[in-house]
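An overview of the molecular structure
The lines below spell out each chain.
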Amino acid sequence: MFTRLVVSCLKWLALAAASLAALVWGWFSVAGRSAPDRDQMAAMMRSGEVVRDRVGDGFELKCLLPLTVSAADVSPKLRAVLLGAEDRGFATEPFGLSLRGLAGAVSSVLHGRARGGSTVAQQLVKNLMFEPGDRPLVRKFYEIPWAVKLSRRFTRDEVLGAYLNHLPFQHGIFGVEAASRFYFGKPASDLGYREAALIEVMLASPRNDLASRDPAVVARTRERARTLLAALVRQGVVPAAALHERERRGTLEPPDLGCGYLRDYVAAEAKRMGAPDGAWRAYVTVDAARQGAAVAALDGARDRMSAAEAGQAAFVGLDRAGAVQAFMGGTDYAADQFDRAERARRSPGSLGKVIVLAEACEQGLGLDATVDDAPQPGGRPKDDDGRYLGPIRLGDAFRLSRNAAMFGLERALGRGAVAARARLLGLAGPLPEDGGIAVGEFSASPLAMTAMLAGIANGGYPVEPHAVRGIVGHYGRIVAWHRDVLPKPALSARCVALLDSALRSVVAGGTGRHADFGEARGKTGTTNAFRDAWFVGYAGSMVAGVWLGNDDDRGMAHVEGGGLPAELFRSYLLRYARALAPTRPPVAKVAAGW
């Protein structure tokens, strides 16, 4: 009798275990089918975000751009405190889950509380893919299987690095590196135990804020950090010496990342991609280091722009595939929301000579070919010096941006030939058929001209500018995802090499000398009466375009493309390089390094 009872119990237990296993398998299978694939997850983990959140009865666009840092580069003290408080089993837990934490989290959800218990992998999935309005129980249904997938596809340091880069703080601060510079004036690699504890308690509750204007809130935040450190000392997570460390006071000045124009550009692109009417999250190609470098470059030139009577500017940074890395549609979004980077159409001046040279190369001409710098029919165009140099090398005519020589060459190449090449390189809209492209007798946006040069920089393949990698809606549902499509090349490999050499000569010894930084290539553009001044170029993987002018088409005070625009291009590259450099001793002013 007893034996039969034991066997019966074992059978029921086996059946229950099999049923539970089938249930879990079905749960993970159903939820897993809607999970992002590995490439999508990787893109999410390295991307900044523009988020459309519900605020009251409406929606608000938030710009969340991290200063990225790897898990290996943060302070070991920060790592010890965060993992000691958030996920002590991080190094050993299987599949990114903690059974004890999971049970506590499910219990809290069922009882209507908002307690945590999630692992770092789960918190990363939540921060990356879900919206505040998502119901917790439904969110957990997806979050747990997705955290398992995340942990199987990426190393622990990759997961931790992405987690650190996507931690939201108050005051618009996003990511632990930005928080470290904001609160403590130092990089995350230099954080001490006390500073790490302050970061942890501010993450744990929005009621804790070291930058609050209320002294009582600041005092409470510090007290809770001391309490946390004392607990971690008792538990053997950190040494007793941690209690005696002091914090360094930061600037508490939020960095100006000039996100207004970027938010609008991303919102328009997201709408074209099918973003829903409600809340959504767009993973963007822009990061804080590049965007901040563009903002700082423009801010640093304000006085010179004013003196030169240049009322407005546009700045576009791309990579060689067309992904937007920096985007400024004007100098002051609060004062004027018109986007000059994408929507303004201006004459690009001598930037059109790049297209003429490209077509000349495809028709068999080299840089040593002879062109005639001589008067053209009708007396136009002329050069600023009022001279004609006669027969000169094509490479010299391009390097010195000789109008008459390049205009005559364009006409000699055949009616419509250069216009056709411009369309192959991605330029749209009306284009002159007989000579005007060389001197900018057409209109294009700074974004379009920068993308055109990116197509040369990447080997002759036209690019489609884009700032959005992908979009998710409620419960992490992928709404749309950008897919790169390799177009047909617009240039031969020989002509790409020729253009690269010619563009280098412009910067090394021609009209673009003020842009020279890191073996940069580029081309200047200046229109009649100094109404527009351009520089578009590339260095390494970075392509950038600068436009200066006035909305009412007034001329500036002798501003040429080789002057202030070229200097702004160089300043952008220089500031970005500085932003990536190790910051020791700690930075004195956060915004200057962004």
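The structure displayed is predicted, hence computed values, not measured ones.

Focus on the sheet that holds strand E4 (residues 312–319)
As summarised here, the arrangement of the five strands in space is E5-E4-E12-E11-E10, forming an open sheet in which the pairing is antiparallel. Strand pairing shows two members of the sheet lacking a second neighbour, strand E5 (324–328) and strand E10 (521–526), which therefore form its edges. Strand-to-strand twist of the sheet, defined as the mean angle between neighbouring strand axes without regard to direction, takes the value 5°. Here six bridges tie E10 to strand E11 (residues 532–539), and the two strands are oriented antiparallel to one another. Across the sheet, residue threonine 526 finds its bridge partner in E11, namely alanine 533. The strands that helix H18 (residues 446–457) touches are E4, E11 and strand E12 (542–549); relative to E4, the one it contacts most, it runs at about 30°.

Observations concerning the nonpolar core
Leu65, Phe315, Ile456 and Tyr572 are the most contacted members of the largest nonpolar core, which totals 113 residues. Excluding anything up to four places from it in sequence, isoleucine 456 contacts Val354, Leu425, Leu491, Val496, Leu499 and Leu503. In this structure, Val69, Leu150, Leu229 and Leu232 belong to the second largest nonpolar core, which totals 60 residues.

Focus: the state of the cysteines
Applying the stated criterion across every chain, the model contains two disulfides. One disulfide bridge connects cysteine 63 with cysteine 259, the sulfur atoms lying 2.3 Å from each other. An S-S torsion of about -55° defines the bridge between cysteine 63 and cysteine 259 as left-handed. Here cysteine 63 is found in strand E2 (residues 58–64), whereas its partner cysteine 259 is found in helix H11 (residues 259–273), with 196 residues between them in sequence. Per residue, the accessibility class of cysteine 63 equals that of cysteine 259, and both read buried. With its sulfur 2.1 Å from that of its partner, cysteine 361 forms a disulfide with cysteine 495. Disulfide cysteine 361 to cysteine 495: torsion about the S-S bond roughly -95°, handedness left-handed. Taken as a pair, cysteine 361 in helix H14 (residues 352–362) and cysteine 495 in helix H19 (residues 493–509) lie far apart in primary sequence, 134 residues in all. An identical accessibility class is assigned to cysteine 361 and cysteine 495; each is buried. The connectivity of the disulfide-linked cysteines in the protein, indexed sequentially, is 1-2, 3-4.

Cut-off values and rules
Residues numbered from 1 in each chain as written. Predicted model: local features only at pLDDT ≥ 70, side-chain atom pairs only at ≥ 80, totals over all residues. Heavy atoms only, no water. Pairing = 2+ DSSP bridges. Helix = DSSP H or I, 4+ residues; strand = E, 2+ residues; numbered from the N terminus. Axes fitted to C-alpha atoms, helices over the stretch in contact; angles between N-to-C directions. Contact = heavy atoms within 4.5 Å. Core = buried A, V, L, I, M, F, W, Y, C linked by side-chain atoms within 4.5 Å. Buried < 20%, exposed > 50% of the residue type's maximum accessible area, 1.4 Å probe, protein only. Disulfide = S-S within 2.5 Å.

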